[in-house]
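# An overview of the molecular structure
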Amino acid sequence: MQFYGFETQFCQAILNILCNAKDIFIERKIENPCMKISVFKKNIIIEIHDNAKGIIISPIEKIFEPYISSKHTNIGTDIGLYMSKVIIEKIQRQFIGEQ
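Residues numbered from 1 in each chain as written. Predicted model: local features only at pLDDT ≥ 70, side-chain atom pairs only at ≥ 80, totals over all residues. Heavy atoms only, no water.

## Brief notes about the overall build of the protein
Formally: Only DSSP runs of H or I with at least four residues qualify as helices, and only runs of E with at least two residues qualify as strands; both kinds are numbered from the N terminus onward. Partly exposed describes any residue whose relative accessible area lies between the buried limit of under 20% and the exposed limit of over 50%, with all areas from a 1.4 Å probe on protein chains only and scaled to the type maximum. The contact criterion used throughout is that any non-hydrogen atoms of two residues lie within 4.5 Å.
Within the protein, the regular secondary structure consists of 2 helices and 2 strands. Helices and strands appear in the protein in the N-to-C order α-β-β-α. Burial analysis of the protein (99 residues in total) assigns 20% to the buried set. Taking contacts inside the protein between residues at least 6 apart in sequence as the whole, the part at least 24 apart equals 47%.

Put into structure tokens, the structure is as follows:
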């Protein structure tokens, strides 16, 4: 995948998502943790799946709100899914604008 602009921010957002999965593997003591990352270049879609049995926040839509976390305050990267979403949306707007 070729990438233009905001490469560091994009990597940080993806790394945050992967670290969240790793943390929940450890917290829930998941045996044989597994993560699958698929990249579909045609439509620029990245899917990340794991076997950690989902996010326990209700309603699920809240996971992208600022200051929402399923972790204790002393655990995590402090970037949160909210900031990951903001970064991805910023990149998406820039990409669409250049088309």
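After that view, the rundown keeps rolling.
## Here we look at the pattern of salt bridges
We apply this condition: The salt bridge criterion pairs a side-chain nitrogen of Lys or Arg with a carboxyl oxygen of Asp or Glu, the two atoms within 4 Å.
Enumeration over the complete set of coordinates arrives at 3 salt bridges. For Lys22, the salt bridge is made with Asp23, and the minimal N-O distance between the two is 2.9 Å. Classification of Lys22 by relative accessible area gives partly exposed; the value is 40%. Residue classification places Asp23 among the buried residues on the basis of a relative accessible area of 17%.

## Details of the nonpolar core
Quick reminder of the rule: Here the nonpolar core consists of buried residues drawn from Ala, Val, Leu, Ile, Met, Phe, Trp, Tyr and Cys, with membership extended through side-chain atoms lying within 4.5 Å.
Within the largest apolar cluster, 5 residues are counted, these being Phe10, Ala13, Ile14, Ile87 and Ile91. The set of elements that each furnish at least two residues to this core consists of α1 (7-27) and α2 (80-98). Tallying contributions element by element places α1 first for this core, with 3 residues.

## Side note on unusual backbone geometry
The phi angle of most residues is negative, glycine excepted, and most peptide bonds adopt the trans form. Of note in this structure, Asn32 is not a glycine but carries a positive phi near 55 degrees. Relative to the elements of secondary structure, Asn32 occurs in the loop between α1 and β1 (35-40).

## With respect to the confidence of the model for the protein
We apply this condition: Every residue gets a pLDDT, meaning the predictor's confidence in that residue, from 0 to 100.
Averaged over every residue, the pLDDT of the protein is 81; the share at 70 or more is 80%. β1 holds the highest mean pLDDT among the elements of the protein, 91, whereas α2 holds the lowest, 82.

## Description of the pairing of β1
This is how the line gets drawn: Two strands qualify as a pair provided DSSP detects at least 2 bridges between them.
Pairing analysis gives 6 bridges linking β1 to strand β2 (residues 45-50), with the strands arranged antiparallel. Across the sheet, the residue bridging to Phe40 is Ile45, located in β2.

## What about a nonpolar patch on the surface?
Note the cut-off: Patch members must show over 30% relative accessible area and no salt bridge, and they are joined within 9 Å when carrying like charges or within 5 Å when they are nonpolar side chains of Val, Leu, Ile, Met, Phe, Trp or Tyr. Here the open area of atoms and residues is found with the Shrake-Rupley method and a 1.4 Å probe, where only the protein chains shown may cover a residue.
Nonpolar side chains collect at one region of the surface, where Met35, Ile37, Val39 and Ile46 lie side by side and expose about 300 Å² of accessible area between them. Sorting elements by how many residues they give to the nonpolar patch places β1 first, with 3 residues. Take Val39: it is sitting in strand β1. Given a relative accessible area of 42%, Val39 falls into the partly exposed group.

## Details of α1
Owing to its 3.6 residues per turn, the α-helix brings residues three or four apart onto one side. Definition in use: A helix is expected to reach a length of 1.5 Å times the quantity of its residues less one.
In a regular helix each residue adds 1.5 Å, so 21 residues correspond to 30 Å; α1 covers 30 Å between its end C-alpha atoms and thus fits that length. Of the positions making up α1, those classed as buried are Phe10, Ala13, Ile14, Asn16, Asn20, Ala21, Asp23, Ile24 and Phe25. Lys29 sits one or two positions beyond α1 and adopts a positive phi of about 55 degrees.

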